[in-house]
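Below, each chain spelled out in residue letters.
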Amino acid sequence: MSRTLRVLVVEDSEDDTLLLIRELRRGGYDPVFQRVDTRADMNNALDRRQWDIVIADYSLPNFSAPEALGLLKERGFDLPFIIVSGSIGEDTAVAAMKSGAHDYIMKDNFARLLPAIARELREAVGRRERKKAEEALRESEERYRDLFENANDIIYTLDLEGNFTSFNRTGERITGYSRDEIIGSNFANIVKPGQQDVFHQMLKRKLAGEEQISYELEIVAKDGRQILLDVSTRLIYKEGRPVGVQGIARDVTERKSLEAQLRQAQKMESIGTLAGGIAHDFNNILTGIIGFADLALFNLSAQHPLYHSLQEIKNLGERAARLTRQLLAFARKQMLEPQPFNLNDVITDLSKFLRRVIGEHIDLQTILANDLAIVHADVSQIEQVLVNLCVNARDAMSHGGKLVIETRNVDLDEMYCQTHPWAKPGNYVLLSVSDTGVGMDRATQERIFEPFFTTKELGQGTGLGLAMVYGIIKQHEGLIHVYSEPGHGSTFKIYLPAISGQAKAAERPIIEAPRGGSETILIAEDETSVRELIVAILETQGYSVLTASNGEDAVRVFEQNREGIDLIISDAVMPRLGGRELYEILQRRFPALKFLFISGYSVNAMSERFIIDEGLELLHKPFNTIDLIRKVRELLDR
Ligand SMILES: Nc1ncnc2c1ncn2[C@@H]1O[C@H](COP(=O)(O)OP(=O)(O)OP(=O)(O)O)[C@@H](O)[C@H]1O
Ligand SMILES: [Mg+2]
């Protein structure tokens, strides 16, 4: 079997070419050839096809072997090149070899030709393979360099002393240090104080046989920012001996802080559910205890031997009710009565009271923005927030200090919210309360909003103040944030959503002595103790009372007594038919019918919103006997 050999012959003589071809055939090749004798022809031949070898005469009338070699080089071909010639001297031959010819064969020594070709073809294969391997290596190096530089993580290597030997571009970006600054410097230099020994500890573990070690590490960037890294490292070996450490570090600062915030939010949510559930039941029980005590007191003279005990029962019940209210506030289960107002007015109205609460030794300063936007909120709840914050500030400044209450309009934009994960974009009215008191450490700050978390002595605090503040602000779709450092005071910042529009002067109730009457009132309430209490109170006032334990029942009772009923007192939330449905059914048919709603808390704020939206009357549980009597009379007289 003969092997195809593609030969480009640079030769002016047809005869010599044929001679050459014959020799090749004799050597077992099947030559495919073309003869060229000018640069232009050779150029074309090179374009037309691939060649295995070039065999050239040394000098031609219009071309030459050195010129042919030059052309190959110019065009980047690496082909075996053999000069076959009759008449050149040794010097020329050497020069030709130096310029890149692979062999030089005299025409009268053709015997050398075939072995020379065989050798050259072999070497050409070797050269090609080497070149391919080099190219592959270069490509893979480029690929790895690209990966190394542009990975999302910091990639670095250290020697066994912990000195950086390489550091990628991502590392420069995250730490702010340039490669020049980092390489040669020690790992410990960028690690947060207190964790500097981590390199040696990890190295020890690795040398003891642990292969891949992952750990968290805090470093300090060039600008002083602390960065939390998730690091994973392994040893680098050279000839079987460890020579350094290779590490990949991911910046998890933001992820960790988001996780912590989420955990915190979930914790608050579940505590809220628990607290709300307990508080709801307590509220109903307390309504009964306070109410019946109240009722009994109403019927006794102050000289009666039981009067004092009943008074005490009522006082204690009210104290419990206050706690319950605080818990309900935290659980965001309070019924809000929002109205548009200017926060500055509330602060001004309250400042005299606040001054008395915080005492002489504390300097109170208010900095109120002139153009403050209006908020839509429950005035008494916001007052409560302000009082709680001021009382805490007072307690933090037992040796005196300064309390500053400030208001300001702020727009939180997307950018701000990206760097402050607790924030939500929007226009807000900011209320900030700052003190120069003892401040708080991190651990305390993380827990201050939990109900019953207090650092105060037994009997000094219940730990419900900030829980309430938190719940109230959240229920108003607001934000709350604390800045504090031990020994440097605290600032509580509260952001309430701003609205456009006009403020309404806060409504103040008119006080009037309670009176009874003889009208007929239907009470719809599922909680037996509360229902019986209302019956008892109203009957002592001379009213005729009908009862129903849910909305359906109420409709039925109403149908039977339709002419006689002047007022319906209904719980907002009842099984079967709720307060709203009852109202809608009866109101449609008897528009003059009067309603008074009572509510313990809002299970679902939406289902009770109608009371406020429709401008209906509402009484919160636990209510006070006097308030109930007064409200009933007021409604009947309208
Ligand atoms: N301005 C402040 N400076 C320093 N620490 C504060 C400040 N405000 C709150 N704290 C800390 O947060 C804890 C919880 O406050 P919170 O108002 O919820 O409860 P409390 O004041 O201890 O009790 P309560 O308000 O129910 O009487 C406090 O015990 C205190 O450790
Ligand atoms: Mg407090």
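None of the values given here were measured: they were computed from a predicted structure.

Caption draft 1: View of the sheet that holds strand β10 (residues 241-251). Strand order in this open sheet of five strands is β7-β6-β10-β9-β8, and the pairing throughout is antiparallel. The open sheet terminates on both sides in strands that have one partner only, identified here as β7 (164-167) and β8 (213-220). Taking the axes of each pair of neighbouring strands and ignoring which way they run, one obtains an average angle of 30° across the sheet. In this sheet, β7 lies alongside strand β6 (residues 154-159) in antiparallel orientation, the contact comprising three bridges. The residue of β7 that forms the bridge with T157 is S166. Packing against the sheet, helix α8 (residues 198-207) makes contact with β6, β8, β9 (226-238) and β10, and its axis sits at approximately 165° to β8.

Caption draft 2: Main features of the domain arrangement of the protein chain. Each assigned domain of the protein chain is listed with its residue range as follows: domain 1 (3-130), domain 2 (151-251), domain 3 (259-327), domain 4 (339-499) and domain 5 (520-637). For domain 3 and domain 4, the distance between their C-alpha centroids amounts to 26 Å. For the pair domain 3 and domain 4, the summed buried area comes to about 890 Å², and 69% of that belongs to carbon and sulfur atoms. Per-residue buried area on domain 3 facing domain 4 is highest for Q261, M268 and Q326; these three make up 53% of the total on that side. One can count one salt bridge joining domain 3 with domain 4. Note that K267 is salt-bridged to E450, the shortest N-O span being 2.6 Å. Summed over the shared surface of domain 3 and domain 4, the result is two residue pairs in polar contact (both at pLDDT 80 or more). The element contributing the most residues to the side of domain 3 that touches domain 4 is helix α9 (residues 253-298), with five residues. Taken together, the residues of the side of domain 3 that touches domain 4 sort by class into four nonpolar, three polar and one charged.

Caption draft 3: Region of the structure containing the sheet that holds strand β4 (residues 81-85). Strand order in this open sheet of five strands is β2-β1-β3-β4-β5, and the pairing throughout is parallel. Two strands lie at the open edges of the sheet, namely β2 (29-36) and β5 (103-106), each paired on one side alone. Each strand axis lies, on average, 25° off the axis of its neighbour in the sheet, ignoring direction. When β4 meets β5, the two strands line up parallel, connected through four bridges. Counted as the bridge partner of V84 is I105 from β5. Contacts from helix α2 (residues 39-48) reach β1 (3-10) and β2 within the one sheet, and its direction differs from that of β2 by about 140°. Packing against the sheet, helix α3 (residues 65-74) makes contact with β1, β3 (53-56) and β4, and its axis sits at approximately 170° to β4.

Caption draft 4: The pattern of salt bridges, seen in detail. Summed over all chains, the structure comprises 39 salt bridges. D223 serves as the salt-bridge partner of R225, at 3.2 Å between the closest nitrogen and oxygen. By relative accessible area, which is 44% here, R225 ends up partly exposed. Here D223 falls in the exposed class, since its relative accessible area comes to 55%. Of the charged contacts in the structure, one is a salt bridge between R580 and E584, with a shortest N-O distance of 3.0 Å. Residue R580 and its partner E584 are both found in helix α18 (residues 579-589); the two are separated by four residues, about one turn of the helix. Look at the salt bridges and you will find they share partners, linking D103, R112, R119 and E120 into a network.

Caption draft 5: Broad picture of the packing of α9 against helix α20 (residues 625-637). Between α9 and α20, whose axes approach to 9 Å, the crossing angle comes to 80°. By the angle between their directions, the pair α9 and α20 is classed as roughly perpendicular. Every residue of α20 that contacts α9 at G291, D294, L295 and F298 is listed here: T625, I626 and I629. For the contact of α9 with α20, the residue count by class is four nonpolar, two polar and one charged.

Caption draft 6: Fine view of the side chain of T233. With respect to the element layout, T233 can be found in strand β9. Of note is the side chain of T233, whose polar atom sits 2.3 Å from the side chain of K206. The contact partners of T233, leaving out residues within four places of it in the chain, are Y156, K206, E211, Q212, I213, Y215, V245, Q246 and G247.

Caption draft 7: The arrangement of the pairing of β10 in detail. The sheet contact formed by β6 and β10 spans six bridges and is antiparallel. Residue pairing across strands places Y156 opposite G247, the latter belonging to β10. Relative to β10, β9 runs antiparallel, the two being bridged by ten bridges. Its bridge partner lying in β10, Y237 is registered against P242. Two successive antiparallel strands, β9 and β10, enclose a turn made up of two residues, where E239 displays a positive phi of approximately 50°.

Caption draft 8: Main features of the site of ligand 1. The environment of ligand 1 is made up of 19 residues, and the closest members are N392, D435, T454, T455 and K456. For ligand 1, a nitrogen atom lies 3.3 Å from a polar atom in the side chain of S490. When ligand 1 sits alone it has 590 Å² of accessible area, and the protein chains cover 90% of it. Secondary-structure elements contributing two or more residues to the shell around ligand 1 are α12 (379-396), α15 (465-475) and β17 (490-499). With three residues, α12 is the largest single contributor of residues to the shell around ligand 1. Residues belonging to the shell around ligand 1 are distributed by class as follows: eight nonpolar, nine polar and two charged.

Caption draft 9: Examining a nonpolar patch on the surface more closely. On the surface, L274, I278 and F282 cluster together to form a nonpolar patch covering roughly 310 Å² of accessible area. Of note, F282 is situated in helix α9.

Caption draft 10: Main features of helix α5 (residues 113-150). Given a rise of 1.5 Å per residue, 38 residues ought to cover 56 Å, and the 54 Å separating the end C-alpha atoms of α5 matches this to within 8%. Listing the buried residues of α5 in full gives L113, L114, A116, I117, E120, L121, A124, R127, S140, F148 and E149.

Caption draft 11: Inspection of the nonpolar core at higher detail. Judged by nonpolar contacts, the single largest core of 52 residues is most densely connected at L403, F449 and I494. Here this core gets eight residues from one element, more than from any other, and that element is α12. Each of domain 3 (259-327) and domain 4 (339-499) contributes no fewer than three residues to this core. Once residues lying within four places of it in the same chain are set aside, the contact partners of I494 are V385, L389, V429, L430, L431, V469, I473, L479 and I480.

Caption draft 12: A look at the packing of aromatic side chains. The full count for this structure, using the stated rule, is 14 aromatic pairs. Centroid distance F164 to F187: 6.1 Å. Interplanar angle 55°. Geometry classified as tilted. Placement of F164 in strand β7 and of F187 in the loop between α7 (179-182) and α8 is noted, with a sequence separation of 23 residues between them. Residue classification places F164 among the buried positions, given a relative accessible area of 3%. The exposure class assigned to F187 is buried, which follows from its relative accessible area of 4%. With centroids separated by 6.2 Å and ring planes inclined at 85°, the aromatic side chains of Y416 and W422 adopt a geometry described as edge-to-face.

What counts and what doesn't
Residues numbered from 1 in each chain as written. Chains lettered and ligands numbered in written order. Predicted model: local features only at pLDDT ≥ 70, side-chain atom pairs only at ≥ 80, totals over all residues. Heavy atoms only, no water. Pairing = 2+ DSSP bridges. Helix = DSSP H or I, 4+ residues; strand = E, 2+ residues; numbered from the N terminus. Axes fitted to C-alpha atoms, helices over the stretch in contact; angles between N-to-C directions. Contact = heavy atoms within 4.5 Å. Domains from an automatic or database assignment. Buried area = accessible area lost by both parts, 1.4 Å probe. Salt bridge = Lys/Arg side-chain N within 4 Å of Asp/Glu carboxyl O. Polar contact = N/O pair within 3.5 Å; in protein donor to acceptor, adjacent residues only side chain to side chain. Nonpolar A, V, L, I, M, F, W, Y, C, P; charged D, E, K, R; others polar. Buried < 20%, exposed > 50% of the residue type's maximum accessible area, 1.4 Å probe, protein only. Parallel < 35°, antiparallel > 145°, perpendicular 65-115°, else oblique. Near = heavy atom within 4 Å. Areas by Shrake-Rupley, 256 points an atom, 1.4 Å probe, with all protein chains shown as cover. Patch = residues over 30% accessible without salt bridge, like charges linked within 9 Å, V, L, I, M, F, W, Y side chains within 5 Å. Expected span 1.5 Å × (residues − 1). Core = buried A, V, L, I, M, F, W, Y, C linked by side-chain atoms within 4.5 Å. Phe/Tyr/Trp six-rings, centres within 6.5 Å; stacked < 30°, edge-to-face > 60°.

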